[in-house]
Amino acid sequence: MSYQCPVCEKIWPDTMELARHVFGVGDQAHKDWVNSKGMNFIELLLIQTMEPGNKGYKTLAELLEREAKKVD
């Protein structure tokens, strides 16, 4: 099962790849979407760069698991 980006509608094979996409694009639309879900884009990015274990990606991937549209 794949996941569709809730902002730009691109399809990704899993939520970790989708999380990498959201961080990688980093435009205002993607930042606004993350922030609208009660998370802070900049804080997640800092966690990702400062802490081991991909915590920023994993946290965002968990949100995307709940919020992103699943596609076949």
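Residues numbered from 1 in each chain as written. Predicted model: local features only at pLDDT ≥ 70, side-chain atom pairs only at ≥ 80, totals over all residues. Heavy atoms only, no water.

Moving on, we get to the packing of aromatic side chains. Per the stated rule, a full pass over the model turns up two aromatic pairs. Between the aromatic rings of Phe23 and Tyr57, the centroid separation amounts to 5.4 Å while the plane-to-plane angle is 45°, which identifies the pairing as tilted. Of this pair, Phe23 sits in helix H1 (residues 15–25) while Tyr57 sits in helix H4 (residues 55–67), and the two are 34 residues apart along the sequence. Across the pair, exposure class does not vary: Phe23 and Tyr57 are buried alike. Among the aromatic side chains, those forming a connected cluster through ring pairs are Phe23, Phe41 and Tyr57. (Phe/Tyr/Trp six-rings, centres within 6.5 Å; stacked < 30°, edge-to-face > 60°. Helix = DSSP H or I, 4+ residues; strand = E, 2+ residues; numbered from the N terminus. Buried < 20%, exposed > 50% of the residue type's maximum accessible area, 1.4 Å probe, protein only.)

Turning next to the environment of Leu18. By the element assignment, Leu18 lies in helix H1. Along the primary structure Leu18 and Tyr57 are separated by 39 residues, whereas in three dimensions their C-alpha atoms are 9.1 Å apart. Ignoring anything within four residues of it in the chain, the contact list for Leu18 reads Tyr3, Gln4, Cys5, Trp12, Leu64 and Ala68. (Contact = heavy atoms within 4.5 Å.)

The subject of this paragraph is the packing of H1 against H4. Look at H1 against H4: their axes get within 8 Å of each other, and the N-to-C directions meet at 110°. In terms of orientation, H1 lies roughly perpendicular with respect to H4. Between H1 and H4 lies a crossing of right-handed hand. Between H1 and H4, the contacting residues are Thr15, Met16, Leu18, Ala19, Arg20, Val22 and Phe23 on the first element and Gly56, Tyr57, Lys58, Leu60, Ala61, Leu64 and Glu65 on the second. Here the residues of the contact of H1 with H4 are counted per class, giving nine nonpolar, two polar and three charged. (Axes fitted to C-alpha atoms, helices over the stretch in contact; angles between N-to-C directions. Parallel < 35°, antiparallel > 145°, perpendicular 65-115°, else oblique. Left-handed = near helix turned anticlockwise from the far one by under 90°. Nonpolar A, V, L, I, M, F, W, Y, C, P; charged D, E, K, R; others polar.)

As a further point, take a nonpolar patch on the surface. Among the surface-exposed residues, Ile42, Leu46 and Met50 lie close enough to one another that they form a single nonpolar patch of about 330 Å² accessible area. Relative to the assigned elements, Ile42 resides in helix H3 (residues 41–50). Given the relative accessible area of 47%, Ile42 is considered partly exposed. (Patch = residues over 30% accessible without salt bridge, like charges linked within 9 Å, V, L, I, M, F, W, Y side chains within 5 Å. Areas by Shrake-Rupley, 256 points an atom, 1.4 Å probe, with all protein chains shown as cover. Salt bridge = Lys/Arg side-chain N within 4 Å of Asp/Glu carboxyl O.)

The values reported here are purely geometric and, on their own, carry no functional implication.
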